[in-house]
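Understanding the architecture of this molecule
One-letter residues, chain by chain:
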Amino acid sequence: MKFSLLTLFFCPFIFAQTQYPKEDFRAPLDIPMQLSGNFGELRPNHFHAGFDLKTNQREGLSVHAIADGYVSRIKISTFGNGKCIYITHPNGYTSVYGHLQTAVGPIQDYVKKTHYKEQSYEIEMFLKPNELPVTKGQIIGLSGNTGSSEGPHLHFEIRDSKTEFVINPIFFGFDKNIKDTKKPTISSVYVYPLDNSTVNQSKQPLLLNVALQKDGTYLASKVKANGKIGFGISAVDYDNVSFNKNGVFNVSTFFNGNQNYNYQFNTYSFDEMRYVNALVDYGRYKKSGQRVQKLFMKTPFALSIIKTDSLRGIIPVTPNLASIYRIEVSDYFGNLSSVIVPIEYDAATPIVNAAPVTSKYFIKINKDANFEKDNMSVFFPAGTFYDDFNLNFDVKNNRIYIHDDTVPVHSNFTITIKDDSYPEGLREKLFIGRFSGNGSSYNGTIRKGDVFTAKSKILGQFGLVLDTIAPTIRIVKPIQDKWISDQKKIEFVINDASSGIKSYNGYLNGKWILFEYENKTKKITHTFDDALLAEGANDLKIEVIDNVGNSAIFETHFFRSQQK
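Cut-offs and rules
Position numbers for residues start from 1 in each chain and track the written sequence from start to end. For a predicted model such as this one, the threshold for reporting local features is a pLDDT of at least 70, and the threshold for listing and counting side-chain atom pairs is 80 or more; totals across whole chains, interfaces and linings nevertheless cover every residue. Here the side-chain values reflect all heavy atoms present in the structure, with hydrogen atoms and water set aside. Strands are runs of DSSP state E lasting at least two residues, helices are runs of H or I lasting at least four, and both sets are numbered from the N terminus onward. Classification of residues uses two cut-offs on accessible area relative to the type maximum, computed with a 1.4 Å probe and protein chains only: under 20% is buried, over 50% is exposed, and between them is partly exposed. Counted as positive: Lys and Arg. Counted as negative: Asp and Glu, with His and the chain ends omitted from the count. Any carboxyl oxygen of Asp or Glu within 4 Å of a side-chain nitrogen of Lys or Arg constitutes a salt bridge here. Polar contact is defined as a pair of N or O atoms within 3.5 Å, subject to the rule that within protein one atom must be able to donate a hydrogen and the other to accept it, and that residues adjacent in sequence are counted only when both atoms are side-chain atoms. Only heavy atoms matter for contacts: two residues are in contact if any of them lie within 4.5 Å across the pair. The aromatic pairing rule takes the rings of Phe, Tyr and Trp, using the six-membered ring of Trp, and pairs them if the centres are within 6.5 Å, calling planes under 30 degrees apart stacked, those over 60 edge-to-face and the rest tilted. The criterion for a charge sitting over a ring is simple: Lys NZ or Arg CZ within 6 Å of the ring centre, and within 35 degrees of the ring normal. Think of it this way: DSSP has to see at least two bridges between two strands before they count as a pair. To obtain each axis, a line is fitted to C-alpha atoms, and for helices this fit is confined to the stretch in contact; angles are then taken between N-to-C directions over 0 to 180 degrees. Multiply 1.5 Å by the residue count of a helix minus one, and that product is the helix's expected span. Our arc is simply the arc of the directions from the helix axis toward the C-beta atoms.

Mapped onto the secondary structure, D546 falls in strand 45 (residues 536–546). There is no salt bridge for the buried D546, and the closest opposite charge comes from K429, which lies 5.8 Å off by N-O distance. A distance of 2.8 Å separates the side chain of D546 from the backbone nitrogen of N550, its partner in a polar contact. The residues contacting D546, other than those within four sequence positions of it, are D467, I469, P471, D496, S499, G500, I501 and K502.

Right, let's talk about the packing of aromatic side chains for a bit. This structure, assessed with the given rule, holds 37 aromatic pairs. Every member of this aromatic cluster is reached through a ring pair, and the members are Y20, F25, Y93, F171, F172, F249, Y332 and F333. Its end group placed over the ring of F254, R326 keeps NZ or CZ at 4.1 Å from the ring centre. Note that K396 overlies the ring of Y401, its terminal NZ or CZ placed 5.3 Å from the centroid.

As for its position among the elements, T146 is in the loop between strand 11 (139–143) and strand 12 (153–160). A polar atom in the side chain of T146 sits 3.1 Å from the backbone nitrogen of K83. In this structure, T146 is in contact with G80, N81, G82, K83, H99, L100, E518 and K520, ignoring residues within four places of it in sequence.

As a further point, take the pairing of strand 12. Within a regular strand, side chains alternate between the sheet's two faces. Counting buried positions along strand 12 yields seven of eight residues, so the element is predominantly enclosed. Pairing geometry for strand 4 (residues 51–54) and strand 12, over four bridges, is antiparallel. Paired with L53 across the strands is L154, a residue of strand 12. Note: strand 12 against strand 13 (residues 166–167), two bridges, orientation antiparallel. What sits directly across from I158, in strand 13, is I167. Where strand 12 folds back on strand 13, the antiparallel hairpin that results is connected by five residues, among which E164 adopts a positive phi of roughly 70°.

In this section: unusual backbone geometry. One non-glycine residue, N196, adopts positive backbone phi at about 65°. Positive phi, close to 60°, is recorded for R312, a residue that is not glycine. Examined against the element boundaries, R312 turns out to sit in the loop between strand 23 (306–308) and strand 24 (315–317).

Another point: the environment of K287. Relative to the assigned elements, K287 resides in helix 3 (residues 282–288). Along the primary structure K287 and N256 are separated by 31 residues, whereas in three dimensions their C-alpha atoms are 34 Å apart.

We now examine the sheet that holds strand 36 (residues 445–448). Read from one edge to the other, the open sheet built from five strands follows the order 28-29-33-37-36, with strand pairing classed as antiparallel. Of all the strands in the sheet, just strand 28 (369–373) and strand 36 have a single pairing partner and so form its edges. Geometrically, the sheet is characterised by an average inter-axis angle of 15° between neighbouring strands, direction not taken into account. In the sheet, strand 28 pairs with strand 29 (residues 376–380) via five bridges, with the strands oriented antiparallel. Its bridge partner being in strand 29, E372 is matched across the sheet by S377.

On strand 31 (residues 393–396), burial follows the alternation: F393 and V395 on one face are buried, whereas D394 and K396 on the facing-out side are not. Pairing analysis gives four bridges linking strand 31 to strand 32 (residues 399–402), with the strands arranged antiparallel. Bridged to V395 within strand 32 is I400. Where strand 31 hands over to strand 32, the hairpin turn is made up of two residues, of which N397 adopts a positive phi near 50°.

Before going further, it helps to spend a moment on helix 1 (residues 105–118). Spanning 14 residues, helix 1 covers 20 Å between terminal C-alpha atoms, matching the ideal 20 Å at 1.5 Å per step. Of all the residues in helix 1, the buried ones are I107, V111, T114 and H115. Angularly, the buried residues of helix 1 cover 105° about the axis, an arc narrow enough to put them on a single face. Counted as exposed and oriented over 90 degrees from the buried face of helix 1: P106, D109, K113 and K117. Phi turns positive, to about 50°, at Q119, one or two residues after helix 1.

And the structure:
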């Protein structure tokens, strides 16, 4: 998605507040609303697109359509939102329900029919308005823990049906379900010297001491600087009942009383999600796990929620001028925390110098770049990164070293390796892997003769990996030659230690049957359907294929009598 940079700069800093319908929607669950994640929360490589609603640490709660409409999309995935239902409403909005254990009623019938039609667990369906209509309050599914969920909960979103922009659900009347009288917590404030500036005799970022004042505000230690500087904060929010950290709603900064930087989590597109890596101090996050939200843009990036002045939040510190910088962090309910930072000019000689630059390569974000050595190369299209930087690059010991994962990547770059040392029969078993620790991860690889290419959005060490080992298949409860008339399901653990599993299929008496895959446990599960079983003897076959074509087959034979 492209934005004119002019859209980033305007004053005064006022968000145009759309009037969203507040009475049309009911809550998707019957239990009191408790958040385990809120809209805009900072997540790995994305902003959170909705609410994560607690389900009392269990699965199987009824999930209701929040209003009349129709099921417009169903997606079943092993990652992401797992089993997910989309309902389009006549008022122009679409509600989304993710990580479901299962759909119910006619929706589940439609899902199961599609599984068997496409002979796949992972499916995506787009429906017309007259196919699966729903009414407000109708049970559409049961809450679960599918996909990339880290525990039982319901992921809930509201989108604009035309633009697909996600919108903060708090605007749709759900604020009445959440009690919040707590101020956001600003746990740390950092100051960044920019363009060879000095801050408190340091050319490296510094953590400022912050003290609570009698009026409830915080006062930071004085910043003595010269040149251009910027600030960053670590901040979280709490409500009265959820007892867990959530993201903040609004951040504003003021320089000598004039607002110079602001963002508020109202609405944004999926194209903007990855800009979370530009908003935070990515290097610090990768090294320490701390997400510091930068309150300036060294280089402009097209995140539409950010509104700033012409200096993009950067503060120029000049002689003979003492200044006041103020940071305000607030939640939707108006609870506000603020920090005052006094600033004065100081030309003192730095004691702490900038980190030494050892690289002889330099990346400019607005230009293509290609680096090559021996039989390996890397190509960065313009716009791959957020800021110009010095790149470490080398090829040695059959690996290409492309900096490290402390610099965020916005879009794919391409790695190319030429290697004719493997016989033709083994080349199809090779892939370009990214090495970390003692292992490697698979990158989708294209081979033309002895030339291998792959794309990545993560910097690091890469090289060719040979995978000739088939996946493994293990039955959880053996059934060979047994009568299992009372058994309701059958489970297998499937795994591949190198390139990873590409596909799996199960066959009962020669016909394809549905196995559901759970990536967290690596289990596939089939729930027996008497209509698919033979009276007496049954043959079951499982076939698993990895990403380079190695396959494994498991076969077993069991007996079953029809249930009465």
